[in-house]
Amino acid sequence: MRVVITGGAGFIGQRLARRILALGKLVDSAGEEREVTRLVLNDVAEPVDSLPVDKRVEFIAGDFGEPTVLERLITPDTAIVFHLAAVVSGGAEEDFELGMQVNLHATECLLEGLRLLDTCPRLVFASSVAAYGGDLPEVIQDDTLLAPQTSYGCQKAMTEFLINDYSRRGFLDGRALRLPTIVVRPGKPNKAASSFASAIIREPLQGETCVCPVPPETGVWVLSPQQVVESFIHAEQLAASTWGYQRALALPGLTTTVSEMIEALESIGGPAAVARIEWKPDAGVQRIVHSWPVRFQPTRALDMGFQPDASIVDCIEGFVRDELGGQVASTGRQKFAIRTGS
Ligand SMILES: NC(=O)c1ccc[n+]([C@@H]2O[C@H](COP(=O)([O-])OP(=O)(O)OC[C@H]3O[C@@H](n4cnc5c(N)ncnc54)[C@H](O)[C@@H]3O)[C@@H](O)[C@H]2O)c1
């Protein structure tokens, strides 16, 4: 079975690819579990980490909206697409035309490519809680109206609607996950307005300074990289009937605040880690981040078997274990010992 990941050189794409290779199997549109014989990763960027060395992996470089690239990506034997490529929140707000081109117009071309296969392939799309906005209730429910207040959120919401309609018509079998902010993201800061949420943990634990552009009371709805990858796999494997007519949902996450994250940082990295954070307000980032909801009642997702992380400390421990080899920069006290095993 041929599986495609757009944005396959990105942070989540790379982790999802490794998980799919380890699993070896996914579920096709007939509901049959089948071996993944080809995993195609597409991206405009070169992979930051090296690609998994595996004969099933193929890398197709280029913009998925370019007809020549799309033609090579969406071949008649393509059974599943994970659509993760995007211009992220800060980038789409900064450059309206680029955001519209990639997040909406190129995505429409991708949906059309899948429709024309005439095989009803499965599509799992990375949406975002940025699809919500405006006058929000205290707690987001499954039926809360989408009223995005950023171009990025609007492009994600429009794609969700298209996926509902393409699925209703039987052109494809779509599923869209509204992702919380993923914490802790390794590597360098990116253009996502939420980038600080990882930076305030990642940099101090590695002995580097970082800037926090939002006040400590800022709320965030978070999920770990491990759990988001499991959610993509779970979303793909669920039967179409479980999704019904509403193909999008908000993933369960954790409601936390910047100050709670810093407390968790201190419990792992000591006061020295906290001292590496510099507070420097950024009105642009604050405006975007404060338009996002932070409290959810994701009943439907929980009923469908999606799971949040146990705690913010767990998210940070996962980062230390998976990305830092269990080592954190000097804490000025006894070395932090991470739990091993699951
Ligand atoms: N990480 C988060 O906190 C978060 C939260 C909500 C939603 N999401 C969504 O999840 C998806 C993956 O996010 P991520 O954190 O891995 O981001 P990322 O920036 O690491 O990955 C996205 C990848 O898409 C690629 N890309 C952009 N335009 C492209 C194009 N035209 N053709 C091919 N590739 C292109 C980029 O080069 C990048 O490697 C995105 O759709 C993002 O909007 C992420």
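Quick note: structure is the one above.
Residues numbered from 1 in each chain as written. Predicted model: local features only at pLDDT ≥ 70, side-chain atom pairs only at ≥ 80, totals over all residues.

Caption draft 1: Just the site of the ligand, in detail. The full set close to the ligand counts 29 residues, and G7, G10, A85, A86 and A126 are the nearest of them. Looking at the shell around the ligand, the elements with two or more residues in it are α1 (11-23), β4 (38-43), α4 (96-117), β7 (122-128) and β9 (181-182). The dominant element in the shell around the ligand, judged by the number of residues it contributes, is α1, at three residues. For the shell around the ligand, the per-class residue count stands at 16 nonpolar, 10 polar and three charged. (Near = placed C-beta within 6 Å. Helix = DSSP H or I, 4+ residues; strand = E, 2+ residues; numbered from the N terminus. Nonpolar A, V, L, I, M, F, W, Y, C, P; charged D, E, K, R; others polar.)

Caption draft 2: Molecular detail of the environment of E35. Looking at the secondary structure, you find E35 in strand β3 (residues 33-35). Placed 181 residues apart in sequence, E35 and P216 show a C-alpha to C-alpha distance of 47 Å. Sequence-distant contacts of E35, that is, excluding residues within four places in its chain, are made with M1, G24 and K25. (Contact = placed C-beta atoms within 7 Å.)

Caption draft 3: Focus on the pairing of strand β11 (residues 219-223). Along β11, four of the five residues are buried, which leaves the element largely enclosed by surrounding structure. Pairing geometry for β9 and β11, over two bridges, is parallel. Along β11, the bridge assignment pairs I182 with L223. By the bridge criterion, four bridges tie β11 to strand β13 (residues 254-257) in an arrangement that is antiparallel. Its bridge partner being in β13, V222 is matched across the sheet by L254. (Buried ≥ 20, exposed ≤ 12 C-beta atoms within 10 Å, placed from the backbone. Pairing = 2+ DSSP bridges.)

Caption draft 4: Focus on helix α5 (residues 151-168). Given a rise of 1.5 Å per residue, 18 residues ought to cover 26 Å, and the 26 Å separating the end C-alpha atoms of α5 matches this to within 8%. If you check which residues of α5 are buried, you get S151, Y152, G153, C154, Q155, K156, A157, T159, E160, I163, Y166 and S167. (Expected span 1.5 Å × (residues − 1).)

Caption draft 5: Looking closely at the sheet that holds β7. Taken in spatial order, the seven strands line up as β5-β4-β1-β6-β7-β8-β12 in an open sheet, and their pairing is parallel. The open sheet is flanked by β5 (57-61) and β12 (248-250), the only strands paired with a single partner. Geometrically, the sheet is characterised by an average inter-axis angle of 20° between neighbouring strands, direction not taken into account. Two elements, strand β1 (residues 2-6) and strand β6 (residues 78-83), share five bridges in a ladder whose sense is parallel. Looking across to β6, one finds that T6 is bridged to H83. Contacts from helix α7 (residues 225-237) reach β6, β7 and β8 (173-179) within the one sheet, and its direction differs from that of β8 by about 155°. (Axes fitted to C-alpha atoms, helices over the stretch in contact; angles between N-to-C directions.)

Caption draft 6: Quick look at the packing of α1 against α7. Direction vectors running N to C along α1 and α7 enclose 60°, while the axes themselves pass 10 Å from each other. Between α1 and α7, the angle falls in the class oblique. For the element pair α1 and α7, the recorded crossing hand is right-handed. Taken together, the residues of α7 that come into contact with α1 (itself represented by I12, R15, L16, R19 and L23) are P225, V228, V229, F232 and I233. (Parallel < 35°, antiparallel > 145°, perpendicular 65-115°, else oblique. Left-handed = near helix turned anticlockwise from the far one by under 90°.)

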